[in-house]
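Listed below, chain by chain, are the residues.
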Amino acid sequence: MIVKKYQDAKPSQEMPGVVKREVVNKPDDGAPHFCMRVFDLEPGAATPYHTHAWEHEVYILEGNGVAVSEKGETPVSRDSVVFVPGEEIHCFKNTSKKNLRFICVIPY
């Protein structure tokens with residue numbers, strides 16, 4: 001078992017206003033199937049509008065924003081859970097005046 005603080009994971013600037021931390025991953029923790037990441041989006045920031053083959057699951061920790069897909073924008077806030085199927089175009093936008101923080105789990 002590994003227990004640590006998410007802040008101990010090295011942050012990477014994905015784009016302006018978007019910071020990612022891989023808090024559980026294969027190289028550092030030996031996790032064979034999934035990678036857990038924590039994202040922080042500054043006010044007004046968004047992840048890229050993109051698609052990929054794998055699904056992922058998102059849990060909103062704090063802040064307010066929208067999950068965006070081809071169907072439109074859906075509000076998200078603390079304790080919202082989002083399932084993004086593979087091949088669905090999506091992104092997350094921070095619509096609040098404080099950081100939007102969420103956990104995102106993806107398979108390897």
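Just so it is clear, the model here is predicted, and its values are computed rather than measured. (Residues numbered from 1 in each chain as written. Predicted model: local features only at pLDDT ≥ 70, side-chain atom pairs only at ≥ 80, totals over all residues. Heavy atoms only, no water.)

1. Here we look at the packing of aromatic side chains
Taken as a whole and judged by the stated rule, the model has 2 aromatic pairs. With centroids separated by 5.2 Å and ring planes inclined at 15 degrees, the aromatic side chains of Phe-39 and Phe-102 adopt a geometry described as stacked. Separated by 63 residues along the polypeptide, Phe-39 in strand E3 (residues 34-41) and Phe-102 in strand E9 (residues 100-107) bring together distant segments of the chain. Accessibility classification places Phe-39 together with Phe-102 in one group, the buried group. Taking the centre distance of 5.0 Å and the plane angle of 35 degrees together, the rings of Phe-92 and Phe-102 count as tilted. One end of the pair, Phe-92, is in strand E8 (residues 90-94); the other, Phe-102, is in strand E9, with 10 residues separating them in the sequence. Like Phe-92, the residue Phe-102 is buried in the burial classification. Joined through ring pairs, the aromatic side chains of Phe-39, Phe-92 and Phe-102 make up one cluster. The residue whose ring lies beneath Lys-26 is Tyr-108, and the NZ or CZ to ring-centre distance is 5.3 Å. (Phe/Tyr/Trp six-rings, centres within 6.5 Å; stacked < 30°, edge-to-face > 60°. Helix = DSSP H or I, 4+ residues; strand = E, 2+ residues; numbered from the N terminus. Buried < 20%, exposed > 50% of the residue type's maximum accessible area, 1.4 Å probe, protein only. Lys NZ or Arg CZ within 6 Å of the ring centre and 35° of its normal.)

2. Things to note about the nonpolar core
Formed by 16 residues in total, the largest nonpolar core has its most connected members in Leu-41, Val-58, Phe-92 and Phe-102. Of all the secondary structure elements, the ones that give two or more residues to this core are E3, strand E4 (56-62), strand E7 (81-84) and E9. It is E9 that contributes the most residues to this core, 4 residues altogether. Dropping the residues within four chain positions of it, Leu-41 is found in contact with Gly-17, Val-18, Ala-46, Thr-47, Phe-92, Lys-93, Asn-94, Lys-98, Asn-99, Leu-100 and Phe-102. (Core = buried A, V, L, I, M, F, W, Y, C linked by side-chain atoms within 4.5 Å. Contact = heavy atoms within 4.5 Å.)

3. Observations concerning unusual backbone geometry
Excluding glycine, residues mostly have negative phi values, and the peptide bonds linking residues are mostly trans. Even without being glycine, Asp-79 reaches a positive phi, approximately 75 degrees. Secondary-structure assignment places Asp-79 in the loop between strand E6 (72-77) and E7.

4. A look at the state of the cysteines
This structure, assessed with the given rule, holds 0 disulfides. Here Cys-91 is not disulfide-linked; the sulfur of Cys-104 is the nearest cysteine sulfur, at 13 Å. Residue class for Cys-91 comes out buried when judged on its relative accessible area of 4%. Not part of a disulfide, Cys-104 finds its nearest cysteine sulfur in Cys-35, a span of 8.4 Å. (Disulfide = S-S within 2.5 Å.)

5. Here's the deal with the sheet that holds E8
The 3 strands are arranged E6-E5-E8 in an open sheet whose pairing can be described as antiparallel. Edge strands, defined here as strands with exactly one partner in the open sheet, are E6 and E8. Each neighbouring strand pair of the sheet contributes to a mean axis angle of 25 degrees, computed without reference to strand direction. Here strand E5 (residues 64-69) pairs with E6 via 6 bridges, running antiparallel. Looking across to E6, one finds that Gly-65 is bridged to Val-76. (Pairing = 2+ DSSP bridges. Axes fitted to C-alpha atoms, helices over the stretch in contact; angles between N-to-C directions.)

6. Examining the side chain of Arg-37
Residue placement: Arg-37 occurs in strand E3. Notably, Arg-37 is buried but unbridged: the nearest opposite-charge side chain belongs to Glu-22, and the N-O separation is 5.5 Å. Those residues in contact with Arg-37 that sit more than four places away from it in its chain are Lys-20, Arg-21, Glu-22, Val-23, Phe-102, Ile-103, Cys-104 and Ile-106. (Lys, Arg positive; Asp, Glu negative; His and termini not counted. Salt bridge = Lys/Arg side-chain N within 4 Å of Asp/Glu carboxyl O.)

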